[in-house]
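So the chains spell out like this:
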Protein chains: 2
Amino acid sequence: MNLKNTQARSAIYDFLIRSSSPVDVNQIIGFLRSKKLNTNKVTIYRNLDTLCKNGLLEKLEFGEGKFRYEFKKNHHHHLICTNCGKIEDVSGEYLSEIERKIKSENGFLIKSHVLEFYGLCRNCRS
Amino acid sequence: MNLKNTQARSAIYDFLIRSSSPVDVNQIIGFLRSKKLNTNKVTIYRNLDTLCKNGLLEKLEFGEGKFRYEFKKNHHHHLICTNCGKIEDVSGEYLSEIERKIKSENGFLIKSHVLEFYGLCRNCRS
DNA sequence: TTGACAAATGCAACTTAGTTGCATAAAATC
DNA sequence: GATTTTATGCAACTAAGTTGCATTTGTCAA
């Protein structure tokens, strides 16, 4: 696939690569405005889509009724604080055993999984 | 909380209790129409909300940009076929060990988790 | 370095999912 | 059967995301 290096696209990508947790489209719009880049939301959606399809970003959901995006890194999960909204990464490949079992018992071939944890972060616990 | 037993509510609940996989609001509307119950979508959303808050239903997301609902049963996960869309249940409490580890390492207190598997069901594999 | 072509953008209008305020209706309780 | 509480319907609205189409911008080869 032929990806062109445009202003909007590289700004979006830069923002995502620097974000420490998954961002939504509004945060992207805010960032682009702050950079005085007048970018249409359609362009943002299309770029996010393209970047996902090219394996550069990941599209995620956290029960908010909208999507969030993050720079694609090694397989990991998230700790979502239900009090303050903070999203931390947590790595770990916990499920290979389980996936093997499901394949033999259910005849279902697992290609991917989503595993996210909800609870209270260190700050909000105290 | 005082739940009244209304026509709309019990029809929605009946439908959910009989559905073998999580349903979206359109499926509920279709069902109610087929029963000649002329129910407003607002009523459906409010009932789903109420039933969730009372622990009778569960609200789920499968990366479709909308919510699905299911009758609340024992903790379980789903096998979502990315080819035909079929959603199967799979039971199992795989994560207690992991959750303990996360608590001590990240100081994060896990209250719940979401674990869903995507892949190909038995039919779609062949 | 320029011209051609594919890919990207912007705009307006649209869709889909879900929400809110408010007046009315229906259950449950007394 | 009257009262109170909860539920419903309607209309209008918001928020997230999409589509068609005309225009612009990168890229690459001549």
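Residues numbered from 1 in each chain as written. Chains lettered and ligands numbered in written order. Predicted model: local features only at pLDDT ≥ 70, side-chain atom pairs only at ≥ 80, totals over all residues. Heavy atoms only, no water.

**Q** Would you mind showing me how to read helix H4 (residues 96–106) of chain A here?
**A** At 3.6 residues per turn, the α-helix brings residues three or four places apart onto the same side. Three or more residues of H4(A) are buried, namely Ile98(A), Ile102(A) and Asn106(A). All buried residues of H4(A) fall inside an arc of 40° around its axis, so they share one side. For H4(A), the exposed residues set more than 90 degrees away from the buried face come down to Glu97(A), Arg100(A) and Ser104(A). Structurally, H4(A) contributes buried residues whose contacts are with strand E5 (109–120) of chain A together with strand E3 (76–81), strand E4 (87–91), strand E5 (109–120) and helix H5 (122–125) of chain B. Of the residues trailing H4(A), Gly107(A) is marked for its positive phi of about 65°. (Buried < 20%, exposed > 50% of the residue type's maximum accessible area, 1.4 Å probe, protein only. Helix = DSSP H or I, 4+ residues; strand = E, 2+ residues; numbered from the N terminus. Arc of directions from axis to C-beta. Contact = heavy atoms within 4.5 Å.)

**Q** Honestly, the relation of the copies chain B and chain A in this entry has me stumped. Any pointers?
**A** One copy of the chain maps onto the other through a rotation about an axis plus a displacement along that axis. Rotating chain B by 180° and translating it 0.0 Å along the rotation axis places it on chain A, where the RMSD comes to 0.1 Å. Between the two chains, the operation in question is that of a two-fold axis. Among all residues of chain B, the minimum C-alpha distance to the rotation axis is found for Leu115(B), at 2.2 Å. Of all interface residues in chain B, 97% are interface residues in chain A too; the two copies therefore contact each other through one and the same surface. (Least-squares fit on C-alpha atoms with pLDDT ≥ 70 in both.)

**Q** I would appreciate a short explanation of the protein's contact with DNA strand D in the present structure.
**A** Around DNA strand D, a shell composed of 23 residues is seen, among which Lys41(A), Lys4(B), Thr6(B), Arg9(B) and Arg46(B) lie nearest. Here DNA strand D approaches the protein such that, of its atoms within 4 Å, sugar and phosphate make up 58%. At 3.5 Å from a phosphate oxygen of DNA strand D is found a side-chain nitrogen or oxygen belonging to Asn26(A). At 2.9 Å from a phosphate oxygen of DNA strand D is found a side-chain nitrogen or oxygen belonging to Thr43(B). For the surface near DNA strand D, the secondary-structure elements that each account for two or more residues are helix H2 (25–34) and helix H3 (41–53) of chain A together with helix H1 (7–18) and helix H3 (41–53) of chain B. (Near = heavy atom within 4 Å. Polar contact = N/O pair within 3.5 Å; in protein donor to acceptor, adjacent residues only side chain to side chain.)

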